[in-house]
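# Coordinate analysis (summary)
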Amino acid sequence: MTELTVAPAPVPTTDPRVVRAVELVWREAELLDRKEYVDWNSLYADDGIYVIPVDPSTEDFAGSLNMVYDDARMRRMRVTRMIEGYAIAAVDAARTIRTVTGFVPRSVTDDEVVLRSAQVLVAYKRGHHDIWAADLLHRIRLSPDGPGSDLIVQKVVRLVDSEEAVPAAGFLL
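As a starting point, this report considers the structure included with it. In this text, all values refer to a predicted model and were calculated from it rather than measured experimentally.

## A few points about the overall build of the chain
Within the chain one finds 4 helices and 6 strands. Taken from N to C terminus, the helices and strands of the chain fall in the order α-α-β-β-α-α-β-β-β-β. The C-alpha radius of gyration of the chain comes to 17 Å, within 12% of the 16 Å expected for a compact globule of 173 residues. Overall, the C-alpha framework of the chain stretches about 65 × 40 × 30 Å when taken along its three principal axes. Counting every position in the chain, which comprises 173 residues, the buried fraction comes to 42%. Taking the intrachain contacts of the chain between residues at least 6 apart in sequence as the baseline, contacts between residues at least 24 apart amount to 58%. Approximately 10100 Å² of the chain is accessible, and the part contributed by carbon and sulfur atoms is 54%.

Set out below in C-alpha cells:
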C-alpha cells in the first residue's frame, strides 16, 4: 500500500511577512522607475546578489552564463556608471514603468521570505516602446527592526526571451 503524503498548505499572500516582502519588491520597482539607483542599491544586503541568467532553468548562477551577476561591489559599480559622468546608458536612458504582480510565496519563515512574481516592464525611448517580461524571484531577509529594514538577499530576473538576442538596456531590470 502506498502512503499518501499531503503537501503543506500554501502560505497566504495576506501573511504579514509576505506583505512586508511584497511591499519591498514594489518599493524596488518604484525606485528603479524613478532612476533612484543609490536608494535602490540600499535595499540589498551586503551579501545580496542581482542576477539575470541566460539559461531560464539554471539554479547555478555562479557556474552559468549570465547577462548580469552582481554582488555588492558590482552593483555599486553599475550604479556609479548609471549616475556619474557621461555614460550613454545613463544620458539616453529609457523611461520605464514596470508592473510586478502575481506574487506566490515559495517559502516563509520569520527570518526570510522567498517570492516568485511576474514583471512587465515598458521602456520608452526615442518614440519607441519596448516590452520586457520576466519571471522574478526575490529572497527577502526580514529584519527584527521592522519592514523599513528588510533587505533583498537575491533577485533573479528570468527574461522570457533570455535565450534569444536580447537588446542592451540602459536601465536595470
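Back to the text.
## Re helix 3 (residues 72–83)
Taking 1.5 Å of rise per residue, the 12 residues of helix 3 would be expected to cover 16 Å, and the 17 Å separating its terminal C-alpha atoms lies within 8% of that figure. Every buried residue of helix 3 is accounted for by A72, R75, R78, V79 and M82. Projected down its long axis, helix 3 carries its buried residues within an arc of 125°, all on one side. Between a side-chain oxygen at the N-terminus of helix 3 and the backbone nitrogen of R73 the separation is 3.3 Å; the capping residue is D71.

## Quick notes on the packing of aromatic side chains
In total, this model carries 4 aromatic pairs according to the counting rule given. Aromatic pair W26 and F103: ring centres 5.7 Å apart, planes at 80°, arrangement edge-to-face. Of this pair, W26 sits in helix 1 (residues 16–33) while F103 sits in strand 3 (residues 95–108), and the two are 77 residues apart along the sequence. Between W40 and Y50, the aromatic rings sit 5.6 Å apart at their centres with planes inclined by 80°, giving edge-to-face as the arrangement. Placement of the pair is W40 in helix 2 (residues 37–41) and Y50 in strand 1 (residues 44–53), with a sequence separation of 10 residues. According to the relative accessible area criterion, W40 is buried, its value standing at 1%.

## Observations concerning the sheet that holds strand 4 (residues 112–125)
What the 6 strands build is an open sheet, ordered 2-1-6-5-4-3; its pairing is mixed. The open sheet has two free edges, formed respectively by strand 2 (66–70) and strand 3, since each of these has just one partner strand. The average undirected angle you get between the axes of adjacent strands in this sheet is 15°. Sheet topology note: the strand 1/strand 2 ladder contains 4 bridges and is antiparallel. Note on strand 2: the bridge partner recorded for Y50 is D70. Its contacts with the sheet place helix 1 against strand 1, strand 3, strand 4, strand 5 (128–141) and strand 6 (151–159), and it is angled at close to 160° to strand 3. Across the sheet, helix 3 touches strand 1 and strand 2, and the angle it forms with strand 1 is around 75°.

## Focus on the nonpolar core
By size, the foremost hydrophobic cluster in this structure holds 36 residues, and its most contacted members are W40, Y50, L115, V157, F171 and L173. Only helix 1, helix 2, strand 1, helix 3, strand 3, strand 4, strand 5 and strand 6 provide two or more residues apiece to this core. Ranked by the residues each element gives to this core, the list is headed by helix 1, at 8 residues. Setting aside residues up to four positions removed in sequence, Y50 forms contacts with W40, Y44, V68, Y69, D70, R75, K155, V157, L172 and L173. By size, the runner-up hydrophobic cluster in this structure holds 6 residues, among which are I49, V51, F61 and L137.

Conventions and cut-offs
Sequence order as written defines the numbering, with residues in each chain counted from 1. In keeping with the model being predicted, local features are shown solely for residues with a pLDDT of at least 70 and side-chain atom pairs are shown and tallied solely at 80 or more, while totals for entire chains, interfaces and linings include all residues. Each side-chain value is worked out from all heavy atoms of the structure, with water and hydrogens disregarded. Each helix corresponds to a stretch of at least 4 residues labelled H or I by DSSP, and each strand to a stretch of at least 2 residues labelled E; elements are numbered beginning at the N terminus. Two things to know: the radius of gyration comes from C-alpha atoms, and the globule rule equals 2.2 Å times the number of residues to the power 0.38. Note on exposure labels: buried denotes an accessible area under 20% of the residue type's maximum, exposed denotes more than 50%, and partly exposed covers the range between, all computed with a 1.4 Å probe on protein chains only. Residue contacts follow a heavy-atom distance rule, with two residues in contact if any of their heavy atoms lie within 4.5 Å. Each accessible area value is a Shrake-Rupley result obtained with a 1.4 Å probe; residue values ignore everything except the protein chains displayed when judging cover. One less than the number of residues in a helix, times 1.5 Å, gives the span that helix is expected to have. Picture the helix axis, draw a direction to every C-beta atom, and the arc is the one those directions span. As used in this structure description, the phrase polar contact means that two N or O atoms lie within 3.5 Å; if the pair is within protein, one of them must be able to donate a hydrogen and the other to accept it, and residues adjacent in sequence are counted only when both atoms belong to side chains. Centres within 6.5 Å are what make two rings of Phe, Tyr or Trp a pair, Trp counting through its six-membered ring; a difference in plane orientation under 30 degrees is then read as stacked, over 60 as edge-to-face, and the rest as tilted. Note on pairing: two strands pair once DSSP finds at least 2 bridges between them. Think of each axis as a best-fit line through the C-alpha atoms, taken over the contacting stretch in the case of a helix, with angles from 0 to 180 degrees between the N-to-C directions. Only buried residues count toward a nonpolar core. Its members are Ala, Val, Leu, Ile, Met, Phe, Trp, Tyr and Cys residues joined through side-chain atoms within 4.5 Å.

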